[in-house]
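# Inside the fold
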Amino acid sequence: MIEFRNITKVYSTGIAAVNKVSLFIEKGEFVFIVGSSGCGKSTLMKMMMKEVEPSSGHIFINGIDITRISKRRIPNLRRSMGIVFQDFRLLFDKTVYENVAYAMRVIEADPKLIKKQVPNVLSLVGLLDKADFYPDQLSGGEQQRVAIARAIVNNPAVLIADEPTGNLDPDTAWEIMSLLSDINRRGTTVVVATHAKDIVDKMQKRVIAVKNGSVYSDKESSGYVEDHGTGIVENPKDYSHLTKHNFPWSRRKAGV
Amino acid sequence: MSLNTIGYLFKDSFHGMKKDFKNTLISLGTMFATMLLIAVAYLVYMNENKLINDTKDRSSNIVAYVNIDVTDEQAKQIGYKIEEIRGVTSNTYRDKDYAIELAKSMNPIMVEGFSDEILKTIYPAYYVITFDDVTMIDVITHELGKITEIEDVSVNQYAAAKARDAEIYKAVAIVAVIYIIEFSVFLMMNTTKLMMYSKRKEISIMKYVGAKNNFIRAPFAIQGVLTAIVSVGLTMLVINVAYPAFIRSMTTLESGFSFIAFGSLFKELALLLVVIGVLIGIVGSSASMKKYLDV
């Protein structure tokens, strides 16, 4: 589904944000990318949405090497994924309904389908009754729900969330993570970059820990342990040795 | 792009203008000022041209008097030399008999009592020389002076001076028009840039949702076109009132020049403004948002 192959990113300032990262995320997985500020997790997310180009290496999404696609095809790539940001990034001159519908408008979806799909998604995120509200009439949690609704309205194969709970209080953050988990259960691959270690622990999902631009550990989060010195999550189930070919969940799904 | 999408983009443009009314007003005001300046520049230029043409009509001939001792046959040969002078479009020879007859008809008292033989020693044969370009008056006069058989050259000095003035006015008008248009476009581009800067976040969001550049540009371009059309309408209204009033005030000053009636310029000016306005609207918004599209 998503594969980073020996990815390195050195910014023009000379800072190496990501250093020879290789990892594989299977279809339908829920993955957290964690690490302290400046560790390179946001760069990894940005490279997935092709906002930042790697200095070397390749990134495959659905089998397509996105490091080789032209600028003209970036919109097509982004249409295949939903993106959620810490700061919600809603269009403030559009209502909740219009914000969500916009994602369908840009792909020139049938208006009948838009009328059907948008209320469904708003219902899923619990905002159907606020469809005519403008973003500034909503709380932070509600705004993030709108952003999530917009991200999933086109049924993307993958949902990328960069610090989706960074601007929210703990209770609301938990609600948002639960919503992302629900979306994952419906089959969407979810990749979340976060600082929220308590939530990461509770969710018991795969956790890729990044330190100084490299993958420090890649394990299932059960029995959350925090190394306060490094800010890195430690847990007993280690997947860092796995590749696309020996990944257990992909074997299970393939019936192996 | 489907009809439904086009309809949506138009609706979105109207909605955007209504929602962002402050910026819409700023944009409209700037575009109106731009259109008004261009319209004024255009009217100045057209009237300047008319002034030059009017002057040209009044001063489009030079009279070259042939030396009184030159015979009729020799005088006719001068015509070939005149023909070769740059700027001359035609020359007509009038012999002494013609000159005497003209004098008799115009001022009979002056010639009364003189025989034709004596009059032939007073009234010389002459050439009436025409030209198209009034700026050539000095050159032609100078060249005529070099022909030994020509004794004197007469130019309508007032008309020639007017023609020279008109040329200066025209040059000033052209420079002014260029500066006005340059300033107007600069003004419009900067206003659009400021508007686009305020929309940069919105544009980046659209890019993350997967919108293609044309889909993002379209509402802004439509807004630019709508703003241009409304501005042109307002400009034409203002000019329709102000220009005739200006003409009336100038007529009372007895300038002696008749301005072009607005009715005859209306269609041409409206078309010119719509074309310039729409171009500024589309190109201005597209060029200004280019850097924000690279997300």
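Residues numbered from 1 in each chain as written. Chains lettered and ligands numbered in written order. Predicted model: local features only at pLDDT ≥ 70, side-chain atom pairs only at ≥ 80, totals over all residues. Heavy atoms only, no water.

## Quick notes on the overall build of chain A
Each helix and strand counted, chain A has 8 helices and 13 strands in total. By the burial criterion, 55% of the 256 residues in chain A qualify as buried. For chain A, restricting intrachain contacts to residue pairs at least 6 apart in sequence, the fraction spanning at least 24 positions comes to 63%. As displayed, chain A has an accessible area near 11100 Å², and 47% of this comes from carbon and sulfur atoms. (Helix = DSSP H or I, 4+ residues; strand = E, 2+ residues; numbered from the N terminus. Buried < 20%, exposed > 50% of the residue type's maximum accessible area, 1.4 Å probe, protein only. Contact = heavy atoms within 4.5 Å. Areas by Shrake-Rupley, 256 points an atom, 1.4 Å probe, with all protein chains shown as cover.)

## Some details on the overall build of chain B
Along the backbone of chain B there are 11 helices and 4 strands. Evaluated residue by residue, chain B yields a buried proportion of 41% over its 295 residues. The long-range fraction of contacts in chain B, counting pairs at least 24 apart against all pairs at least 6 apart in sequence, stands at 85%. Surface exposure of chain B reaches about 16200 Å², of which carbon and sulfur atoms provide 63%.

## Some thoughts on the sheet that holds strand S3 (residues 126-131) of chain B
Residues and elements named next belong to chain B. Across the sheet, 4 strands lie side by side as S2-S3-S1-S4; this open sheet has antiparallel pairing. Each end of this open sheet is capped by a strand with a single partner; those strands are strand S2 (88-94) and strand S4 (150-155). Neighbouring strand axes in the sheet, compared pairwise and without regard to direction, differ in orientation by 20° on average. Bridge analysis of S2 against S3 gives 6 bridges, and the strand direction is antiparallel. Within the sheet, the bridge partner assigned to Asn91 lies in S3 and is Ile129. (Pairing = 2+ DSSP bridges. Axes fitted to C-alpha atoms, helices over the stretch in contact; angles between N-to-C directions.)

## Description of the pairing of strand S1 (residues 61-66) of chain B
All names here are of chain B. Pairing analysis gives 5 bridges linking S1 to S3, with the strands arranged antiparallel. Looking across to S3, one finds that Ala64 is bridged to Tyr127. The sheet contact formed by S1 and S4 spans 5 bridges and is antiparallel. Bridge pairing in S4 places Val63 opposite Ser154.

## Overview of the interface of chain A and chain B
Listed by partner, the interface residues are 24 residues for chain A and 20 residues for chain B. Together, A:Arg78, A:Asp93 and A:Tyr102 form the three largest contributors to the area buried by chain A at its contact with chain B, with a combined 26%. At the junction of chain A with chain B, the criterion picks out 1 salt bridge. In this structure, A:Lys94 and B:Asp12 form a salt bridge, with 2.5 Å as the shortest nitrogen-oxygen distance. At the boundary of chain A and chain B, one finds 6 residue pairs in polar contact (both at pLDDT 80 or more). Where the side of chain A that touches chain B is concerned, the elements lending two or more residues are helix H2 (74-79), strand S6 (81-85) and helix H3 (96-105) of chain A. Tallied by class, residues from the side of chain A that touches chain B come to 12 nonpolar, 1 polar and 11 charged. (Buried area = accessible area lost by both parts, 1.4 Å probe. Salt bridge = Lys/Arg side-chain N within 4 Å of Asp/Glu carboxyl O. Polar contact = N/O pair within 3.5 Å; in protein donor to acceptor, adjacent residues only side chain to side chain. Nonpolar A, V, L, I, M, F, W, Y, C, P; charged D, E, K, R; others polar.)

## Describing the packing of helix H5 (residues 140-152) of chain A against helix H6 (residues 170-185) of chain A
Residue and element names in this part refer to chain A. Relative orientation of the contacting elements H5 and H6 amounts to 15°, with a least axis distance of 10 Å. Viewed along their axes, H5 and H6 adopt a mutual orientation that is roughly parallel. Viewed along their axes, H5 and H6 form a crossing whose handedness is right-handed. Touching Gly141, Gln144, Arg145, Ile148 and Ile152 of H5 are Thr172, Glu175, Ile176, Leu179, Leu180 and Ile183, all from H6. Partitioning the contact of H5 with H6 into residue classes produces 6 nonpolar, 3 polar and 2 charged. (Parallel < 35°, antiparallel > 145°, perpendicular 65-115°, else oblique. Left-handed = near helix turned anticlockwise from the far one by under 90°.)

## Notes on H5(A)
In this model, H5(A) (13 residues) spans 19 Å end to end at C-alpha, consistent with the 18 Å of a helix rising 1.5 Å per residue. Taken across its 13 residues, H5(A) has 12 buried, putting it largely inside the fold. Every buried residue of H5(A) is accounted for by A:Gly141, A:Glu142, A:Gln143, A:Gln144, A:Arg145, A:Val146, A:Ala147, A:Ile148, A:Ala149, A:Arg150, A:Ala151 and A:Ile152. Packing partners of the buried residues in H5(A) comprise S6, H3, helix H4 (111-124), strand S7 (158-162) and H6 of chain A together with helix H9 (200-208) of chain B. (Expected span 1.5 Å × (residues − 1).)

## Quick word on the packing of aromatic side chains
Within the structure shown, the criterion is met by 9 aromatic pairs over all chains. Taken together, the ring pairs in this structure connect A:Tyr102, B:Tyr8 and B:Phe215 into an aromatic cluster. The ring of A:Phe85 has A:Arg89 lying over it, and the distance from NZ or CZ to the ring centre is 3.8 Å. The ring of A:Trp174 carries the charged tip of A:Lys202 above its face, separated from the ring centre by 5.4 Å. (Phe/Tyr/Trp six-rings, centres within 6.5 Å; stacked < 30°, edge-to-face > 60°. Lys NZ or Arg CZ within 6 Å of the ring centre and 35° of its normal.)

## Brief notes about the pairing of strand S1 (residues 2-10) of chain A
Residue and element names in this part refer to chain A. Pairing analysis gives 6 bridges linking S1 to strand S2 (residues 16-25), with the strands arranged antiparallel. By the bridge assignment for S2, Glu3 is matched with Phe24. The loop that links S1 with its antiparallel partner S2 comprises 5 residues; one of these, Gly14, has a positive phi angle of about 95°.

## Structural notes on a nonpolar patch on the surface
Residue and element names in this part refer to chain B. Among the surface-exposed residues, Met1, Leu3, Ile6, Phe10 and Phe14 lie close enough to one another that they form a single nonpolar patch of about 550 Å² accessible area. Along the polypeptide, Phe14 turns up in helix H1 (residues 3-19). The class of Phe14 is partly exposed, set by a relative accessible area of 48%. (Patch = residues over 30% accessible without salt bridge, like charges linked within 9 Å, V, L, I, M, F, W, Y side chains within 5 Å.)

## Quick look at the confidence of the model for chain B
Any segment with low pLDDT has predicted coordinates that should not be analysed in fine detail. In this model, chain B carries a mean pLDDT of 82, and residues with pLDDT of at least 70 account for 92%. Both confidence scores are given for the complex: pTM 0.64, ipTM 0.75. (pLDDT = per-residue confidence, 0-100.)

## Quick look at the confidence of the model for chain A
Residue and element names in this part refer to chain A. Here chain A averages 85 in pLDDT, while 86% of its residues score no lower than 70. Confidence over residues 222-237 falls short of pLDDT 50; this stretch has 41 contacts with residues more than four positions distant or in other chains. Of the regions scoring below 50 in pLDDT, residues 246-256 engages in 20 contacts with residues more than four places distant in sequence or in other chains.

## Digging into the sheet that holds S2(A)
The strands that make up a sheet are held in pairs by hydrogen bonds between backbone atoms, and each pair lies either parallel or antiparallel. All names here are of chain A. Judged by pairing direction, the sheet is antiparallel, and its 4 strands sit side by side in the order S2-S1-S4-S5 without closing on themselves. The open sheet terminates on both sides in strands that have one partner only, identified here as S2 and strand S5 (64-65). Note that S1 and strand S4 (residues 56-61) share 5 bridges and pair antiparallel. Residue Thr8 lies in a different strand from S4, and its bridge partner there is Ser56. Helix-sheet contacts for helix H1 (residues 41-48) involve S1, S2 and S4, and the interaxial angle to S1 is about 120°.

## Things to note about the pattern of salt bridges
Scanning the model with the defined rule gives 15 salt bridges over all chains in all. Among the salt bridges present, the one from A:Glu175 reaches A:Arg145, with a minimum N-O distance of 3.3 Å. Taken as a pair, A:Glu175 in helix H6 and A:Arg145 in helix H5 lie far apart in primary sequence, 30 residues in all. The partner of B:Asp116 in a salt bridge is B:Lys104, and the shortest N-O contact between them spans 3.1 Å. Residue B:Asp116 is found in helix H6 (residues 116-122), and its partner B:Lys104 is found in helix H4 (residues 96-106); the two are separated by 12 residues along the sequence.

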